[in-house]
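Chain residues, written in single-letter form:
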Amino acid sequence: MVFVLVTTVLGKKAKIKAGEYEFQSRLNPLGVLDTLVRGQVKRHLVTIPEGYTLSQIAQIMDDQKIVGKKEFLQKASSPALFTSLGLSSIPAGSDATLEGYLFPETYHLV
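Values in this document were obtained by computation on a predicted structure and should not be read as measured data.

### Structural notes on the overall build of the protein chain
Secondary structure assignment for the protein chain yields five helices and two strands. Ordered by position in the sequence, the α and β elements of the protein chain form the string α-α-β-α-α-α-β. Taking 110 residues into account, the globule formula puts the C-alpha radius of gyration at 13 Å, and the protein chain, at 19 Å, lies well above it. Along the first, second and third principal axes, the C-alpha set of the protein chain runs to 55 × 25 × 20 Å. The buried share among the 110 residues of the protein chain stands at 23%. Across the protein chain, contacts joining residues at least 24 apart in sequence account for 36% of those joining residues at least 6 apart. Only carbon and sulfur atoms are counted for the fraction: they give 57% of the accessible area of the protein chain, which is about 8100 Å². If the 12 positive side-chain charges of the protein chain are averaged to one point and the 10 negative ones to another, these points end up 15 Å apart.

### Observations regarding a nonpolar patch on the surface
A cluster of nonpolar residues, Val-2, Val-6, Leu-10 and Leu-30, forms a patch on the protein surface that exposes about 370 Å² of accessible area. Under the relative-accessibility criterion, Val-6 is labelled partly exposed at 34%.

### Some words on the confidence of the model for the protein chain
For the protein chain, the average pLDDT comes to 86, and 92% of its residues sit at 70 or higher. Taken element by element, the predicted model of the protein chain shows its lowest mean pLDDT in helix α5 (residues 79-84) (82) and its highest in helix α3 (residues 54-63) (94).

### Focus: the environment of Gly-31
Summarising the element assignment, Gly-31 is placed in helix α2 (residues 29-38). Considering only alpha carbons, one finds Gly-31 and Val-46, 15 residues apart in sequence, at a separation of 28 Å.

Reading the values: the criteria
Throughout, residues of each chain are indexed from 1 in the direction in which the sequence is written. Totals for whole chains, interfaces and linings use all residues, but because this is a predicted model, local features are given only for residues with pLDDT of at least 70 and pairs of side-chain atoms are given and counted only at 80 or more. Only hydrogens and water are set aside; all other atoms, that is, all heavy atoms of the structure, feed into the side-chain values. Under the scheme used here, helices are H or I runs from DSSP no shorter than 4 residues and strands are E runs no shorter than 2 residues, and both carry numbers assigned from the N terminus. Between the two quantities, the radius of gyration covers C-alpha atoms and the globule rule is 2.2 Å times the number of residues to the power 0.38. Relative accessible area decides the class of each residue, using a 1.4 Å probe on protein chains only: under 20% of the type maximum gives buried, over 50% gives exposed, and in between gives partly exposed. Contact definition: two residues touch when any of their heavy atoms are within 4.5 Å. Residue exposure ignores everything except the shown protein chains as possible cover, and the areas themselves are Shrake-Rupley values with a 1.4 Å probe. Charged residues are defined here as Lys and Arg on the positive side and Asp and Glu on the negative side; His and the ends of the chain fall outside this count. The atoms used to mark charge sites are NZ of Lys, CZ of Arg, CG of Asp and CD of Glu. Residues form patches when they are more than 30% accessible in relative terms and have no salt bridge. Like charges link within 9 Å. Nonpolar side chains (Val, Leu, Ile, Met, Phe, Trp, Tyr) link within 5 Å. The term salt bridge refers to a side-chain nitrogen of Lys or Arg lying within 4 Å of a carboxyl oxygen of Asp or Glu. The score called pLDDT rates the predictor's confidence residue by residue, from a low of 0 to a high of 100.

Here's what the structure looks like:
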């Protein structure tokens, strides 16, 4: 309650950014607030090896607890996602997936 009160009094309550955060144990409450306001979210490094299938990539995401395998596979075959990525030329259907568009690379996910 004290933290919320201080945040409100300082006028920073509406400036806090959503996300997953990881804090150092020695950080004081004002340091925590500063981190939340700046939006310094935790970054996840995910490496997709060359030649991995969509199912194998989904397993990596699940193993690192970024997203569940089932949810990842559903999104990867979503026509709405294709359109949002500017890939509307991919035919919508059960065989259409993002496989082949996820290049071997280390990605920084937030």
